[in-house]
Amino acid sequence: MLENGAQRREYELLIGGEWRAAAGGARQAVRSPFDGATVGEVAVATRADADAALAAAERGAAVWRRTPAHERAAILNRAADLADARAADLAATISAENGKPLGEALGEARRSGAILRLSAHEGAQLYGQGLPLDANPGTGQDKVGFTLRQPVGIVVAITPFNYPALLVLHKVAPALAAGNAVVLKPASATPLTALALADLLVEAGVPDGVLSVLTGPGGALGDALVADPRVRKVSFTGSTGVGERIARSAGVKKLSLELGASSPTLILPGADIERAAAAVAAGGYVNAGQVCISVQRVIVHRDVEADFLDALLPRVRAIRAGDPFAEGTTIGPLISEREAERVADGIAQAVADGATLLTGGARDRGFVEPAVVAGVDTRHALAQEELFGPAVAVTTVDDFDAAIAAANGTPYGLAAGVFGGTLTEGVRAIREIDAGSVHLGWTPLWRADLMPYGGLKASGHGKEGVRSAVEEMTEAKTVVMHG
Ligand code: NAP
């Protein structure tokens, strides 16, 4: 037990239903980003372990695809009940290894059961379709055609550090529900939550070999898993750079890439300024800005800029940094001191290049003080590149067309938000903003676990959200019966 009440966790690798030491015997401490304390320890897998996990997955996939959907659903529903019962414990593990405030971690942990239940349901909805073959010239009525949905086989799931429960479950639960075996490689910074979730899935009855978890370096393990021909689908969430590398080495496989972003929020005349300011003060700084759909850019119409900033700044200054386990903390450290340095440097560079720092930006160890930077040119790196930190870059525009051009003016296209504007502008924003989701009346930082979720442009391709993930983790087979 750690001082803050979280359990200190020690795990082996999960391969073929067994918890076993890594082939090379190496182990690695997992440290708190807040104070560097050791919060757990995991095995460091090698390529030999990746090979063993894939061999086990081949056996597991053969068993699981023959397991009726109602039995798979029953196991996932049992796992959901366990996740609900252990939500407080999962939250403490998330906070300990990721550094986000316990309240935020609890919100994340409590979605685990819901994602598992949604997946159990969707995995039992693998409908096919009847084919009107007699509409094909020359074909009579002696044939019957239809499609069947079947699991892809082996899914490799690779996940980032920022939502250690949510993003693991958005891959593992739909993959299992659809009848696939899964090899999971969680982020090295946050492996403990993934292992705790795997533990409860095994306890709920997931058969041997159906789920393996490999902890260790993404470079070596990722390459071995992604390139292996036994794998039919790679589902990756992480940075655009790693996503590009995966796309190059995957070969002929199904791929889902949930990548980086620089998400815009438009503030237009007519906006409810208080509501917009409150939403941006949350959406730009939740999880210390380490959210793919974080509000990185505010594109504000000149007519409402002063009012908006007046409403925003006190809210940002009220964000309280501190120990993730302490009452009243609303922002924790970034995942590492190196990341905090990178973010603080990015803000300082924008200011050196002519932008105005309205608040925040200072670094103290792993913490970056929540920042608002005004007068940011859309072409500047603070707008163009993903910041992944607690700062919002404000760009001022003179009309709606300029706002849309600025929103679309980066390589990314994950999500966007719009406050205010006329009905016509709202409709144009929906149609013209190149993003995987567009929110009218809110910021991009909003997600329901059932909705299709995924980016355009350099933000990736493929959709998550439980129904979409089940769809992408199955394949349609066309069957024709010739009478
Ligand atoms: P990351 O550095 O790209 O790492 C993500 C995962 O990939 C980790 O498990 C990492 O392992 C692994 N990895 C590293 N090199 C690899 C390789 N060559 N082949 C295969 N896997 C490899 O990303 P992160 O810093 O953890 O997460 C932040 C990024 O995720 C941001 O860009 C953010 O926008 C993105 N993200 C996107 C979404 C979305 O839905 N679009 C959601 C959340 C986060 P190690 O940890 O061992 O290096």
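Residues numbered from 1 in each chain as written. Predicted model: local features only at pLDDT ≥ 70, side-chain atom pairs only at ≥ 80, totals over all residues. Heavy atoms only, no water.

Draft legend 1. Region of interest: the overall build of the chain. A tally of helices and strands in the chain yields 15 helices and 25 strands. Computed over the C-alpha atoms, the radius of gyration of the chain is 23 Å, within 12% of the 23 Å expected from 2.2 N^0.38 for a compact globule of 483 residues. Projected onto its principal axes, the C-alpha coordinates of the chain cover approximately 70 × 65 × 40 Å. Here the analysis covers contacts within the chain between residues at least 6 apart in sequence; of these, 72% occur between residues at least 24 apart. Here the chain displays about 18900 Å² of accessible surface, and carbon together with sulfur accounts for 52% of that area. Distance from the positive charge centre (45 side chains) to the negative charge centre (55 side chains) of the chain: 6 Å. (Helix = DSSP H or I, 4+ residues; strand = E, 2+ residues; numbered from the N terminus. Rg over C-alpha atoms; globule rule 2.2 N^0.38 Å. Contact = heavy atoms within 4.5 Å. Areas by Shrake-Rupley, 256 points an atom, 1.4 Å probe, with all protein chains shown as cover. Lys, Arg positive; Asp, Glu negative; His and termini not counted. Charge placed at Lys NZ, Arg CZ, Asp CG, Glu CD.)

Draft legend 2. The sheet that holds strand S7 (residues 143-151), seen in detail. With respect to topology, three strands assemble into an open sheet ordered S6-S7-S25, the strand pairing being antiparallel. Unpaired on one side and paired on the other, strand S6 (130-131) and strand S25 (474-482) mark the two borders of the sheet. By the bridge criterion, two bridges tie S6 to S7 in an arrangement that is antiparallel. Bridging from a neighbouring strand, glycine 130 pairs with phenylalanine 146 of S7. (Pairing = 2+ DSSP bridges.)

Draft legend 3. Spatial organisation of unusual backbone geometry. In this structure, arginine 365 is a non-glycine residue whose phi angle is positive, near 50°. Turning to its location among the elements, arginine 365 is positioned in the loop between strand S16 (363-364) and strand S17 (367-368). Judged by its relative accessible area of 43%, arginine 365 is partly exposed. Of note, lysine 457 is a non-glycine position whose phi angle comes to about 50°, a positive value. Considering the arrangement of structural elements, one finds lysine 457 in strand S23 (residues 456-457). Using a relative accessible area of 37% as the deciding quantity, one classes lysine 457 as partly exposed. (Buried < 20%, exposed > 50% of the residue type's maximum accessible area, 1.4 Å probe, protein only.)

Draft legend 4. Geometry of the domain arrangement of the chain. What the domain assignment reports for the chain is domain 1 (9-259 + 460-482) and domain 2 (264-448). Once you take the C-alpha centre of each, domain 1 and domain 2 turn out to be 31 Å apart. Contact with domain 1, which involves 25 residues of that partner, is made by 23 residues of domain 2. Taking both sides of the interface into account, the surface hidden between domain 1 and domain 2 amounts to around 1900 Å²; carbon and sulfur atoms contribute 59%. Among the residues domain 1 hides against domain 2, the three largest losses belong to Phe34, Pro101 and Phe161. Together they make up 30% of the total. For the interface between domain 1 and domain 2, the tally reads zero salt bridges. Our count for the contact surface shared by domain 1 and domain 2 stands at four residue pairs in polar contact (both at pLDDT 80 or more). Among the elements of the structure, helix H3 (87-98), helix H4 (102-122) and helix H5 (166-177) are those that each provide at least two residues to the side of domain 1 that touches domain 2. With five residues, the single largest contributor to the side of domain 1 that touches domain 2 is H3. (Domains from an automatic or database assignment. Buried area = accessible area lost by both parts, 1.4 Å probe. Salt bridge = Lys/Arg side-chain N within 4 Å of Asp/Glu carboxyl O. Polar contact = N/O pair within 3.5 Å; in protein donor to acceptor, adjacent residues only side chain to side chain.)

Draft legend 5. View of the sheet that holds strand S13 (residues 263-267). Spatially, the seven strands line up as an open sheet ordered S15-S18-S19-S14-S13-S21-S22, and their pairing is mixed. Unpaired on one side and paired on the other, strand S15 (356-359) and strand S22 (437-440) mark the two borders of the sheet. Each strand of the sheet is rotated relative to its neighbour by a mean of 20°, with strand direction disregarded. The pairing of S13 with strand S21 (residues 415-419) spans three bridges and is parallel. Across the sheet, residue isoleucine 267 finds its bridge partner in S21, namely phenylalanine 419. Sitting on the sheet, helix H11 (residues 337-352) is in contact with S15, strand S18 (371-374) and strand S19 (391-397), with an inclination near 25° to S18. (Axes fitted to C-alpha atoms, helices over the stretch in contact; angles between N-to-C directions.)

Draft legend 6. Looking closely at the site of the ligand. If you check the shell around the ligand, you find 31 residues, and the closest are Thr159, Ser188, Ser239, Leu259 and Glu386. Between the ligand and threonine 159, the relevant distance is 2.8 Å, taken from an oxygen atom to a main-chain nitrogen or oxygen of the residue. For the ligand, an oxygen atom lies 2.5 Å from a polar atom in the side chain of glutamate 386. When the ligand sits alone it has 910 Å² of accessible area, and the protein chains cover 87% of it. Contributions of two or more residues to the shell around the ligand are made by helix H7 (218-227), strand S11 (233-237) and helix H8 (240-250). A total of four residues in the shell around the ligand trace back to one element, the largest contributor, which is H7. For the shell around the ligand, the residue count by class is 15 nonpolar, 11 polar and five charged. Two domains each donate at least three residues to the shell around the ligand, and these are domain 1 (9-259 + 460-482) and domain 2 (264-448). (Near = heavy atom within 4 Å. Nonpolar A, V, L, I, M, F, W, Y, C, P; charged D, E, K, R; others polar.)

Draft legend 7. Up close: the side chain of glutamate 464. Among the secondary structure elements, glutamate 464 is positioned in the loop between strand S24 (460-461) and helix H15 (466-472). Among the residues examined, glutamate 464 registers a relative accessible area of 3% and is labelled buried. Setting aside its immediate chain neighbours within four residues, glutamate 464 contacts His170, Lys171, Ser235, Thr237, Glu258, Arg447, Met451, Pro452, Tyr453 and Ala469.

Draft legend 8. Region of interest: helix H6 (residues 191-204). In this model H6 runs 20 Å from its N-terminal to its C-terminal C-alpha over 14 residues, within 8% of the 20 Å that 1.5 Å per residue would give. Among the 14 residues in H6, 11 count as buried, and that is most of the element. Buried within H6 are the following residues: Pro191, Leu192, Thr193, Ala194, Leu195, Ala196, Leu197, Ala198, Leu200, Leu201 and Ala204. Following H6 by one or two positions, glycine 205 has its phi on the positive side, about 120°. (Expected span 1.5 Å × (residues − 1).)

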